[in-house]
Amino acid sequence: MTQVPHESVPVVIVGGGVSGLTAAMLLRSCGINSVILERQTRARVEERQRAGLVEHRAVRMFEQWGLGRVLHGFPSNNLLEVRVDGQSRLLTEDLPDIGAAGKSVLQQALVRGLVAAFLADGGDLRFEAADVALHGIDSDRPVVSYTDRDGQARKIECDFVAGCDGDRGISAASIPSVVTAVHRYDYGIHWLTVLADAPAPRYALMAAGERGYAAHSRADRGPAGSTCTSPQRTR
Ligand SMILES: Cc1cc2nc3c(=O)[nH]c(=O)nc-3n(C[C@H](O)[C@H](O)[C@H](O)COP(=O)(O)OP(=O)(O)OC[C@H]3O[C@@H](n4cnc5c(N)ncnc54)[C@H](O)[C@@H]3O)c2cc1C
């Protein structure tokens, strides 16, 4: 019978998005090793279009943990344009006790920076990890199994599993329902995001009016790229 390679590490992080990468970097700052298992390719993770703003608390966190370099070079952005019934207002986060300004950073640019910094620091990030499954997560030594990009089945034993694979990911689904209490209110809407070949707005823009809510922000397609987001009814 083929032996499944078995490793051991303090923390296995499922998901190499912005939260998994940040968790790994923070753990590394404390001298704690981790392995990140990400099911997508590196190229996919680094180009996935999503958020555009890192708000001041997150900026402060990166700086306080010595990770300010991942935000270096991105413009500060304390202004948000809010339009209500067509009336425009510029909101600012420039409050005296904030201590750090928010930044305009496309999420994929932040992810690229975190991937580069983690790998340069000797971090263990495994892309194209398929069939990730959690075993014994109520025990002292849980095991995470997966299939690597060469099709080899693998197992990693650990002290902790950090589920950073989103609220619909395998991690949340693996937690026994008897130890969780999920509080959710379904408003019957979800987001529709459109990547448009249109001039980006000067400031991140949010608008509310008779016909609902929409947002407009810069995207990663040069100066002309922007995304428009609007909630859509699901029922
Ligand atoms: C249009 C839009 C605009 C937004 N704007 C903002 C904004 O301006 N500011 C802001 O702070 N937030 C914003 N957000 C929210 C922000 O994008 C999310 O909060 C963020 O992506 C969450 O990061 P995450 O790492 O938890 O999850 P994700 O980014 O979803 O990463 C999860 C990772 O887990 C991987 N994964 C999933 N399942 C598995 C599995 N079984 N095995 C291994 N890996 C797996 C995925 O491939 C992915 O890489 C916006 C979101 C959208 C959609």
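Preceding block: the structure.
Note that the coordinates shown come from a computational prediction; the quantities given were computed from them, not determined experimentally.

Asks: Explanation requested: the overall build of the chain in the structure shown.
Replies: Scanning the chain for helices and strands turns up five helices and 14 strands. Here the chain, with 235 residues, has 24% of them falling under the buried criterion. Considering only contacts within the chain whose residues lie at least 6 apart along the sequence, 66% involve residues at least 24 apart.

Asks: Explain the pairing of strand β5 (residues 87-92) to me, please; I cannot follow it from the model alone.
Replies: Strand residues, when the strand is regular, have side chains that alternate between the two faces of the sheet. Of all six residues that make up β5, zero are buried, and the element is exposed over most of its length. Strand direction decides the pairing type here: strand β4 (residues 79-84) and β5, joined by six bridges, are antiparallel. Bridging from a neighbouring strand, valine 84 pairs with glutamine 87 of β5. Hairpin connection of β4 to β5: two residues between the antiparallel strands, including aspartate 85 at a positive phi of 50°.

Asks: Hey, could you run me through helix α1 (residues 18-29) in this one?
Replies: Note that an α-helix has 3.6 residues per turn; residues three or four places apart therefore point the same way. For α1, which comprises twelve residues, the first-to-last C-alpha distance of 16 Å matches the rise-based estimate of 16 Å (1.5 Å per residue) to within 8%. All of the buried residues in α1 are Gly20, Leu21, Thr22, Ala24 and Met25.

Asks: Please explain the sheet that holds strand β7 (residues 124-126) as it appears in this structure.
Replies: Two strands in a sheet stick together by hydrogen bonds in their backbones, pointing the same way (parallel) or opposite ways (antiparallel). An order of β7-β2-β1-β10-β9-β8 is seen for the six strands of this open sheet, with the pairing classed as mixed. Every interior strand has two partners, whereas the edge strands, β7 and β8 (130-135), have only one. Across the sheet, the mean angle separating the axes of adjacent strands is 40° when strand polarity is ignored. Taken together, the four bridges between β8 and strand β9 (residues 143-147) define a ladder with antiparallel strand orientation.

Asks: For this particular structure, what's the right way to read the site of the ligand?
Replies: Taken together, 27 residues surround the ligand, and among them Gly15, Gly17, Ser19, Ala51 and Asp165 come closest. For the shell around the ligand, the secondary-structure elements that each account for two or more residues are α1 and β11 (189-197). Top contributing element to the shell around the ligand by residue count: α1, with three residues. Across the shell around the ligand, the residue classes break down as eleven nonpolar, twelve polar and four charged.

Asks: Got a minute to help me understand the environment of leucine 134 in this structure?
Replies: Assignment of secondary structure puts leucine 134 in strand β8. On a C-alpha basis, the gap between leucine 134 and glycine 163 in space is 9.8 Å, while along the polypeptide they are 29 residues apart. In contact with leucine 134, not counting residues within four places along its chain, are Pro142, Val144, Val161, Ile170, Ser171 and Ser174.

Asks: I keep staring at the packing of α1 against helix α4 (residues 107-120) and nothing clicks. Help me out?
Replies: Two quantities define a packed helix pair, namely the angle between the axes and the distance from one axis to the other. In the contact formed by α1 and α4, the axes pass within 10 Å of each other and the chain directions differ by 35°. For α1 against α4, the interelement crossing comes out left-handed. Two secondary-structure elements touch here, α1 through Val18, Leu21, Thr22, Ala24 and Met25 and α4 through Gln107, Leu110, Val111, Leu114, Val115, Ala117 and Phe118.

Asks: Looking at this structure, I do not really get the pairing of strand β12 (residues 204-209). What am I missing?
Replies: In this sheet, β12 lies alongside β4 in parallel orientation, the contact comprising five bridges. Bridge pairing in β12 places valine 84 opposite alanine 208. Pairing of β12 with strand β13 (residues 212-218) involves five bridges; the strand directions are antiparallel. Following the sheet pairing, alanine 207 is matched in β13 by alanine 214. Between β12 and β13, which pair antiparallel in sequence order, lie two residues.

Asks: Can you help me understand α4 in this one?
Replies: For α4, with 14 residues, the first-to-last C-alpha span of 20 Å sits near the 20 Å given by 1.5 Å per residue. Among the residues of α4, Leu110, Val111, Gly113, Leu114, Val115 and Phe118 are the ones counted as buried. On its buried face, α4 sits against α1, α2 (42-47), β3 (53-54) and β7. In the segment just after α4, glycine 122 is the residue with positive phi, at about 85°.

Asks: Help me out: how do you make sense of the nonpolar core in this one?
Replies: Taken as a class, soluble globular proteins show a tendency for nonpolar side chains to be buried jointly. Residues Val12, Val14, Leu21, Leu37, Leu114 and Val144 are the most contacted members of the largest nonpolar core, which totals 32 residues. Considering every element that reaches this core, the biggest residue donor is α4, with five residues. Sequence-distant contacts of valine 144, that is, excluding residues within four places in its chain, are made with Val12, Val14, Leu37, Val132, Leu134, Ile156, Cys158 and Val161.

The rules behind these values
Residues numbered from 1 in each chain as written. Predicted model: local features only at pLDDT ≥ 70, side-chain atom pairs only at ≥ 80, totals over all residues. Helix = DSSP H or I, 4+ residues; strand = E, 2+ residues; numbered from the N terminus. Buried ≥ 20, exposed ≤ 12 C-beta atoms within 10 Å, placed from the backbone. Contact = placed C-beta atoms within 7 Å. Pairing = 2+ DSSP bridges. Expected span 1.5 Å × (residues − 1). Axes fitted to C-alpha atoms, helices over the stretch in contact; angles between N-to-C directions. Near = placed C-beta within 6 Å. Nonpolar A, V, L, I, M, F, W, Y, C, P; charged D, E, K, R; others polar. Left-handed = near helix turned anticlockwise from the far one by under 90°. Core = buried A, V, L, I, M, F, W, Y, C linked by C-beta atoms within 7 Å.

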